[in-house]
Amino acid sequence: MQRKNIASGTSWEPIVGYSRAVRVGASVHVSGTTATDQAGNIVGKGDAYAQAVQTLKNIETALRAAGASFKDVIRTRIYVTDIDEWQKVARAHAEVFRDIRPATSMVEVSRLIDPDILVEIEADAVIL
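Summary of the structure given here. Here the residue index of a chain counts from 1 through its sequence in written order. Local features in this predicted model are restricted to residues whose pLDDT is 70 or higher, and side-chain atom pairs enter the listing and the counts only when it is 80 or higher, whereas totals over whole chains, interfaces and linings include all residues. For the side-chain quantities, the full set of heavy atoms in the structure was used; hydrogens and water were omitted.

### Some remarks on the nonpolar core
Here comes step 1: By convention a nonpolar core is built from buried Ala, Val, Leu, Ile, Met, Phe, Trp, Tyr and Cys residues, the set being connected through side-chain atoms within 4.5 Å. For each residue, the accessible area found with a 1.4 Å probe, counting protein chains only, is set against the maximum for its type, and the residue is called buried under 20%, exposed over 50%, and partly exposed in between. Ranked by size, the top nonpolar core spans 24 residues in total, and within it V28, V30, I59 and L63 carry the most contacts.
Here comes step 2: Under the DSSP-based scheme used, a helix requires at least four consecutive residues in state H or I and a strand at least two consecutive residues in state E, with every element numbered from the N terminus. Counting only elements with at least two residues in this core, the list comes to β3 (27–33), α2 (48–65), β4 (73–80), α3 (86–97) and β6 (119–126).
Here comes step 3: In terms of residue count, α2 provides more of this core than any other element does, six residues in total.
Here comes step 4: Ignoring any residue separated from it by four or fewer positions in sequence, one finds V30 in contact with R20, A21, I59, A62, L63, E122, A123 and D124. Throughout, a contact is declared for two residues whenever any of their heavy atoms are within 4.5 Å.

### A word on the side chain of D124
Here comes step 1: Relative to the helices and strands, D124 is located in strand β6.
Here comes step 2: Of the polar contacts made by the side chain of D124, one reaches the side chain of H29; its length is 2.9 Å.
Here comes step 3: As used in this structure description, the phrase polar contact means that two N or O atoms lie within 3.5 Å; if the pair is within protein, one of them must be able to donate a hydrogen and the other to accept it, and residues adjacent in sequence are counted only when both atoms belong to side chains. Of note is the side chain of D124, whose polar atom sits 2.9 Å from the side chain of R77.

### Focus on the sheet that holds β6
Here comes step 1: The mixed open sheet is built from six strands, whose spatial order is β1-β2-β3-β6-β4-β5. Each end of this open sheet is capped by a strand with a single partner; those strands are β1 (3–6) and β5 (103–108). The mean inter-strand angle of the sheet, taken between neighbouring strand axes irrespective of direction, is 10 degrees.
Here comes step 2: Across seven bridges, the pairing between β4 and β6 is antiparallel. Bridge pairing links I78 to I121 in β6.
Here comes step 3: Running over the sheet, α2 touches β1, β2 (21–24), β3, β4 and β6 and is turned about 30 degrees from β6.
Here comes step 4: Under this scheme, a helix contributes an axis fitted over its contacting stretch, all axes are lines through C-alpha atoms, and angles between N-to-C directions fall in the 0 to 180 degree range. Contacts between α3 and the sheet are confined to β4, β5 and β6, with β4 contributing the most and set at about 160 degrees to the helix. We treat two strands as partners when DSSP finds at least two bridges between them.

### Remarks on the pattern of salt bridges
Here comes step 1: Put simply, a salt bridge is a Lys or Arg side-chain nitrogen that is within 4 Å of an Asp or Glu carboxyl oxygen. On inspection of all chains with the given rule, the structure shows seven salt bridges.
Here comes step 2: Within this structure, R77, E122 and D124 form a network of salt bridges that share partners.

### A short note on the pairing of β2
Here comes step 1: Where β1 meets β2, four bridges bridge the pair, whose relative direction is antiparallel. In the strand pairing of β2, I6 is matched with A21.
Here comes step 2: Of the pairings in the sheet, the one linking β2 to β3 comprises four bridges and is antiparallel in character. What sits directly across from R23, in β3, is V28.
Here comes step 3: Hairpin connection between β2 and β3: a loop of two residues separates the two successive antiparallel strands, and G25 in this loop has a positive phi of roughly 60 degrees.

### Details of the pairing of β6
Here comes step 1: The element β6 is largely enclosed, with a buried count of six among its eight residues.
Here comes step 2: Relative to β6, β3 runs antiparallel, the two sharing five bridges. Each bridged residue has a counterpart across the sheet, and for V28 the counterpart in β6 is A125.

### With respect to the environment of V119
Here comes step 1: By the secondary structure assignment, V119 is in strand β6.
Here comes step 2: Taking the C-alpha atoms as reference, V119 lies 7.5 Å from A35; in sequence the two are 84 residues apart.
Here comes step 3: Those residues in contact with V119, other than ones at most four positions away along the chain, are T33, T34, A48, Q51, A52, T55, Y79, V80, V89 and L112.

Below is the structure:
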């Protein structure tokens, strides 16, 4: 099987040494993704829902680059810095995955790589 690394062009990827997503065979793994725009600016500062929406858009871009789509996602992992905001993040997740219903978890973390980032999401997909 061939391995395909997908980059998003963020400054973090070469610093940390990771890919936005990796496809091997039918499996696609999307790294922890946050709410940044093409220029690397954080979208939705202070708004967990807006950040979750942008994060999911970024995940969709990575999935498409790997030849996958949201319908192929079998698991997501959601990290939030304030679990009291869970319903806002869950609403954004449900808008995308309501009918797909991947396995998921949502956990609170003490902080993410930038203090303005409130949400980070990972996704795993299998292309059938």
